[in-house]
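# Architecture and fold: a report
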Amino acid sequence: MNTQARGVGRTIWVATRAMALLTLVLGVGYTLVITGIGQVALPAQANGSILTDQDGDEVGSSLIGQSFTDADGNSLPEYFQPRPSAAGDGYDGGASSGSNYGPENEDLIAAITERKAQIAEFNGVTEAKVPVDAVTASSSGLDPHISLAYAQIQIDRVADARGISVEQVRELVAAHTQGPDAGYLGESRVNVLELNLALDELED
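Keep in mind it's a predicted model, so treat the numbers as computed, not measured.

Attention shifts here to the overall build of the protein chain. Scanning the protein chain from N- to C-terminus turns up seven helices and five strands. Secondary structure elements of the protein chain occur, N-terminal to C-terminal, as α-α-β-β-α-β-α-α-α-β-β-α. Taken over the C-alpha trace, the protein chain has a radius of gyration of 25 Å; the compact-globule value for 204 residues is 17 Å, which it surpasses by more than 25%. For the C-alpha atoms alone, the extent of the protein chain along its principal axes is close to 90 × 45 × 40 Å. Counting all 204 residues of the protein chain, 29% fall into the buried class. Contacts in the protein chain between residues far apart in sequence, at least 24 positions, make up 56% of those at least 6 positions apart. For the protein chain, the exposed area adds up to about 12600 Å²; of that, 55% sits on carbon and sulfur atoms. Distance between charge centroids for the protein chain: 17 Å, based on 11 positive and 28 negative side chains.

Have a look at this one:
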């Protein structure tokens, strides 16, 4: 074997060993270390912020919105309803997206008009009291929160459907209202799944 061939062979061998070492260190070792830190320091977040019901069954994630409807797609009056979703067929975690309609799009305007009328009737309020987030989807289509204003117009309907006092529902909404981040970033919001789970626990 000549000198040039030996040089090429040595280069390939060195490159192969370097690739194997870096794969083990960065591809395997680093991943295991970060996973371990996550499981120790932030186990709930590392595992998807999964929420369970009173029976211990997993019902969803506090980070991903979901619908509360019957088999025919009708909103269940005993539950707080989330904002609309344009992700796949709705609240599809594998197809996160908004509608991408502009504010002057005729289909979007028609959908908002229809939703506003439906939500006003469903909650027994005037259309003027229906907030923006009740009729528009978020950019991800998976927003787990609604505005405090949207939660408040649903209180009477939920209380009536469950046969409990308005004050009980109002207190639960207050307990599950998150203020602006750092005290000033964003607005107050309510996690719909967490609130609905608390409602179910209240009746047990």
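A few words now on the nonpolar core. Core analysis: the biggest nonpolar cluster contains 27 residues, and Phe80, Ile119, Val169, Val173 and Leu199 have the highest contact counts within it. Mapped onto this core, the elements with two or more residues apiece are helix H3 (106-123), helix H4 (148-152), helix H5 (155-162), helix H6 (166-175) and helix H7 (192-203). Considering each element in turn, this core owes the most residues, six residues, to H7. Sequence-distant contacts of Phe80, that is, excluding residues within four places in its chain, are made with Phe68, Ala151, Gln154, Ile155, Arg157, Val158, Val169, Val173, Val192, Leu195, Asn196 and Leu199.

UniProt's feature table lists "transmembrane region" (unreviewed entry) at residues 12-33, given in the numbering used throughout. Helix makes up 100% of residues 12-33 and strand makes up 0%, while its end C-alpha atoms are separated by 30 Å.

The subject of this paragraph is the side chain of Arg83. Relative to the helices and strands, Arg83 is located in the loop between strand S2 (58-61) and H3. Among the polar contacts listed, one links the side chain of Arg83 to the backbone oxygen of Thr136, at a separation of 3.0 Å. Side chain to side chain, Arg83 and Asp143 meet in a polar contact 3.5 Å long. Setting aside residues up to four positions removed in sequence, Arg83 forms contacts with Tyr91, Asp133, Thr136, Ala137, Ser138, Asp143, His145, Ile146 and Tyr150.

Procedures and definitions
Residues numbered from 1 in each chain as written. Predicted model: local features only at pLDDT ≥ 70, side-chain atom pairs only at ≥ 80, totals over all residues. Heavy atoms only, no water. Helix = DSSP H or I, 4+ residues; strand = E, 2+ residues; numbered from the N terminus. Rg over C-alpha atoms; globule rule 2.2 N^0.38 Å. Buried < 20%, exposed > 50% of the residue type's maximum accessible area, 1.4 Å probe, protein only. Contact = heavy atoms within 4.5 Å. Areas by Shrake-Rupley, 256 points an atom, 1.4 Å probe, with all protein chains shown as cover. Lys, Arg positive; Asp, Glu negative; His and termini not counted. Charge placed at Lys NZ, Arg CZ, Asp CG, Glu CD. Core = buried A, V, L, I, M, F, W, Y, C linked by side-chain atoms within 4.5 Å. UniProt positions renumbered as here; feature names shortened; annotations may be inferred. Polar contact = N/O pair within 3.5 Å; in protein donor to acceptor, adjacent residues only side chain to side chain.

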